[in-house]
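# Examination of the molecular architecture
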Amino acid sequence: MSQAAHPAPRSLAEALRARDDALLAALLRSRPDLITPVPTDLTQLATRAGTRASVLRALERLDRFALQTAEALAVAPDPASYDTLLALMAGDAGDEKVAAALPHALGTLREQALVWGDDERLRLVRTARELLAPSPQHPSPTGLGPSVQEATSGMSPGRIQEIVTAAGLPSTHDSVSAVTALTALFDDRKKMGKLLAGAPEPAREVLARLVWGPPYGQVTPEPAAHLRWLLDRGLLLPTAPGTVVLPREVALHLREGRAHRAPEPLPPAVEAAAAYGPQVVDATAAGQAYTALATVEELLKDWDEGGPAVLRAGGLSVRDLKRTAVALDVSEPVAAFWVELAYAAGLIASDGEADERYAATPAYDEWLERPAAERWSQLAAAWLAATRTPGLVGGRDAKDRTLAALGPGLDRSAAPEVRHRVLTLLAGLPAGAAPDTESVLARLHWERPLRGPQQRDGDEDLRSRLARWTLSEAELLGVTGRGALSAHGRALLGAPAPGTGTGSRTASGAPRTPGASGSAAASVGSLDTVTTALTEPTGPGDKLPVHHHHRPGPALPPLSPAEQAVATAAAARLLAPLLPEPLDHVLLQADLTAVAPGPLQRPLADLLDVLADVESKGGATVYRFTPASVRRALDAGRTAADLHAFLAEHSRTPVPQPLAYLIDDVARKHGHLRVGAASAYVRCDDDALLNEILADRRAAALRLRRLAPTVLAAQCDPATLLEGLRAMGYAPAAESAEGDVLITRAHAHRTPPRTAPEPVPDGPPPPDATLLTAAIRAIRAGDLAATAPRKTPGAGAPLPGGELPRTSSAETLATVQAAVLTGASLWIGYVNPEGTASQRVIAPVKVEGGFVTAYDHTADEVRTYPLHRITGVAELAED
């Protein structure tokens, strides 16, 4: 279109007004904070887009080259042409890569309303210029200092004339023209080359030290000759007593026109450090997935009767975390990961009792009944979306308090976004390729250079640590195998399988909705990984060492909740065939052990856990039978016959004679002694056995005395008496007040119904298509009401745009009635019952009973307004 049809905008609001709905939607999608709440018109949208908080958030989400482009505009003249910007980015010699990438970077800045204007008059939003422009307090990331005009603003006119004369320029009549002439000299490459050719060698060395920043230096009251030479010619300008600065124009000449030492138009490639067969990766990941399920089950089984107490400030104590780590046979950071994962999945929570403890939730019982692959996908989906960060456990918060597992202060809103992006980068590599960690970190730093400021003591920034934790946690969970993304891991992201193109489809084949998005989303040590053991070759050709560059494909947008559910189901379907089938048998050994060669069916595993103790884990689990474990099964109500039949049914080997003898021997003694509540008593038909107990020195602590030939009384509670007699080698049974044997089973402790913790969002969530459509329509309508040409009744003079029309009741009624007859539209001021004033454009349809019914262009619907709430009306101008 011609420039006459679209004149150059004079403000950001005018630039936004010239956008179509698609471009406005792109702005609101990339900067969702602008739509919360929905602006009343485009002027308010432009104002909000220029606020400091919103601009900072937008700058933090720019990639390195887009940010470098904004930094170059901040040191360019305002406004600047595209050619000027290109010269600052590519330098005098030019750079084909920079020239090719610059239009896209500038388009990103324009789309996000950080830059407006046509290519001849590019303007950086004022707040962004203030944040990125150089100043003594906040040096520019470019390393450039103030311009000659800015540096000489407080200098005396006489001193400015002296500098102009020393630089070889004719004197002028005023300071403004002198500064202009000096600036023109510094911008002229040939003249500056001549001037610097006569500089002393030490002076050139000083310039070389300042050229790439910081541009400030210190001088003594009596500077050396080479410094005096620079000061006399304005190549260094004083900014404060004892401080000088290298003017921006001089630095740009020395840099050959470049604003940055090293422009980075292209993202660094993610390097593949090793490659494996895809089947090997999937099998390894599936093994890790099975281990993850077993670990979470073991954790919840350990807490089945009530877990550790909740600290007063919330979370697990250090002692309880250590005990959990020992029980799971993992390090404490890894134990923190499993505890936090179960919490994120809604499987554990605090019970809310007076003596508050952690326990399994009712959702845990439902989770146990689901197939193994579905249980894993639930854990993986919870991990992908969680903002709680287990890697922070053991670190310190801002108040120097220790961060505890399950405690407050572990949420990091950037965690889901970083996890998703790291896995997306892995999905862009060839199938079976494991990435080089440092190249992943370099890519993330290029994509978000301003996110995650450096922490104290020189630690990595938060995003880098989140990325490292993501790689470790993905391996522990079985999303990756040997460092490479598995097939079910790709499906979890909704990424296409390698070799199927980058079409916008989920792994299940369901089409992705264009533009759909959902809510995405520091420490001592890092999680222990299992990659060391897994990366060892298992056979010829199993590991293929490589070290090449590969550029991943386009980034995958976060999935909406519905799409994530489809992707999670697809991941479960891909994983299911790779998981081992539960077994219904064990192998009994003559040394009182049983070997489970794989995962056991749940009823078999549950009873075996009662009848035997786990001796070792791994590919095969070894159980050991002991008198105490057999007695535990008898206490749970099983008989010796039940145990013999159970073992015979589920063993692929004959029941060894020592095990049969052990069961019979414990069963023969079990219940021979009976313990009840008197305080407590022991009764036995064999008085010789009672005599033996009384004579035993170990019974002294129980303080026993004979009440009858077959009854002993104790001055302790029944539980203590039971434990004491068992420690002496007897097998007593507890009995009720009626004399019946009490069956002791472990009672599972459950919390009341609990919901999984909600992730802490990283700012407002991206708006969906419905909200965008409604918001844009409301903004357009409000802008129409605010900017429609209007005139006062009978006068024709336009009203100020920010004021509501004011007319008397009679004038209002007459104007509205006339508009009904002519079909004209009116601009009205309206005050609602809450007292909020607004302006609207309406087309009156009828007036009766003190109300006007009209089509409201602002709301895009027919509404009825009380006439007494209309502050005034004005006719719209004919154009």
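Here goes a summary of the coordinates provided. In this text the structure is predicted, and so the values were computed from the model without any measurement.

We now examine the overall build of the protein. Looking only at helices and strands, one finds 34 helices and 27 strands in the protein. Within the protein, the fraction of its 879 residues that count as buried is 48%. Total accessible area computed for the protein in this model is approximately 41,400 Å², and 55% of it derives from carbon and sulfur atoms.

This next bit is on a negative patch on the surface. Judged by side-chain charge, Asp685, Asp686, Asp687 and Glu692 come together as a negatively charged surface patch. Under the relative-accessibility criterion, Asp686 is labelled partly exposed at 32%.

For any pair of aromatic rings, the description consists of the separation of the ring centres together with the inter-plane angle of the planes. All told, the structure shown has 4 aromatic pairs when counted by the stated rule. For the ring pair Phe337 and Trp338, a centre distance of 4.9 Å and an interplane angle of 55 degrees mean the geometry is tilted. A relative accessible area of 1% means that Phe337 is categorised as buried. We note Arg375 situated over the ring of Trp367; from NZ or CZ to the ring centre the distance is 5.4 Å.

The next point concerns the environment of Val610. When you line up the elements, Val610 lands in helix H27 (residues 602-611). Residues Val610 and Ala636, spaced 26 residues apart in sequence, show a C-alpha to C-alpha distance of 8.4 Å.

What follows concerns the environment of Arg624. With respect to the element layout, Arg624 can be found in strand S16 (residues 621-624). Arg624 sits in the partly exposed class, given a relative accessible area of 27%. When the C-alpha positions of Arg624 and Asp591 are compared, they lie 8.5 Å apart, and in sequence the two are 33 residues distant. Setting aside chain neighbours within four positions, we find Arg624 in contact with Asp591, Leu592, Thr593, Ala612, Asp613, Glu615 and Ser629. Of note is the side chain of Arg624, whose polar atom sits 2.9 Å from the backbone oxygen of Asp591.

On to unusual backbone geometry. Going from Thr36 to Pro37, the amide bond is cis rather than trans, its omega being -5 degrees. Relative to the helices and strands, Pro37 is located in the loop between helix H2 (21-30) and helix H3 (42-49). Going from Asp78 to Pro79, the amide bond is cis rather than trans, its omega being 0 degrees. For Pro79, the location among the structural elements is in the loop between helix H5 (64-75) and helix H6 (82-90). A positive phi is found at Ala113, a non-glycine position, where the angle reads about 60 degrees. Looking at where Ala113 falls in the secondary structure, it is placed in the loop between helix H7 (96-111) and strand S1 (115-116). When its relative accessible area of 0% is taken as the criterion, Ala113 is described as buried. One non-glycine residue with positive phi stands out, namely Arg703, at about 55 degrees. If you trace the backbone, Arg703 turns up in the loop between helix H31 (687-695) and strand S19 (704-708).

The computed volume of the largest cavity comes to approximately 70 Å³. Around the largest cavity, the lining residues are Phe337, Glu340, Leu341, Ala344, Trp383, Ala386, Arg388, Pro390, Arg419 and Glu473. By residue number, the principal contributor to the lining of the largest cavity is helix H18 (residues 332-344), which donates 4 residues. Split into classes, the residues belonging to the lining of the largest cavity amount to 6 nonpolar, no polar and 4 charged. There is about 40 Å³ of room inside the second largest cavity. Lining the second largest cavity, in full, are Thr389, Ala415, Arg419, Leu466, Trp469, Thr470 and Glu473.

Moving on, we get to helix H10 (residues 157-166). What sets the pattern is the α-helix's 3.6 residues per turn: residues three or four places apart point alike. Those residues of H10 not exposed but buried are Ile160, Gln161, Ile163 and Val164. Looking down the long axis of H10, one finds its buried residues gathered within 160 degrees of arc, a one-sided arrangement. Buried-residue contacts for H10 involve helix H11 (175-187), helix H14 (225-232) and strand S4 (237-240). Within two residues after H10, Gly168 carries a phi angle of roughly 90 degrees, on the positive side.

Cut-offs and rules
Residues numbered from 1 in each chain as written. Predicted model: local features only at pLDDT ≥ 70, side-chain atom pairs only at ≥ 80, totals over all residues. Heavy atoms only, no water. Helix = DSSP H or I, 4+ residues; strand = E, 2+ residues; numbered from the N terminus. Buried < 20%, exposed > 50% of the residue type's maximum accessible area, 1.4 Å probe, protein only. Areas by Shrake-Rupley, 256 points an atom, 1.4 Å probe, with all protein chains shown as cover. Patch = residues over 30% accessible without salt bridge, like charges linked within 9 Å, V, L, I, M, F, W, Y side chains within 5 Å. Salt bridge = Lys/Arg side-chain N within 4 Å of Asp/Glu carboxyl O. Lys, Arg positive; Asp, Glu negative; His and termini not counted. Charge placed at Lys NZ, Arg CZ, Asp CG, Glu CD. Phe/Tyr/Trp six-rings, centres within 6.5 Å; stacked < 30°, edge-to-face > 60°. Lys NZ or Arg CZ within 6 Å of the ring centre and 35° of its normal. Contact = heavy atoms within 4.5 Å. Polar contact = N/O pair within 3.5 Å; in protein donor to acceptor, adjacent residues only side chain to side chain. 1 Å grid on protein atoms, 1.4 Å probe; cavity = no way out; pocket = protein on both sides within 12 Å on 5 of 7 lines; lining within 4 Å. Points joined across faces, edges and corners; volume = space filled by probe spheres on them. Nonpolar A, V, L, I, M, F, W, Y, C, P; charged D, E, K, R; others polar. Arc of directions from axis to C-beta.

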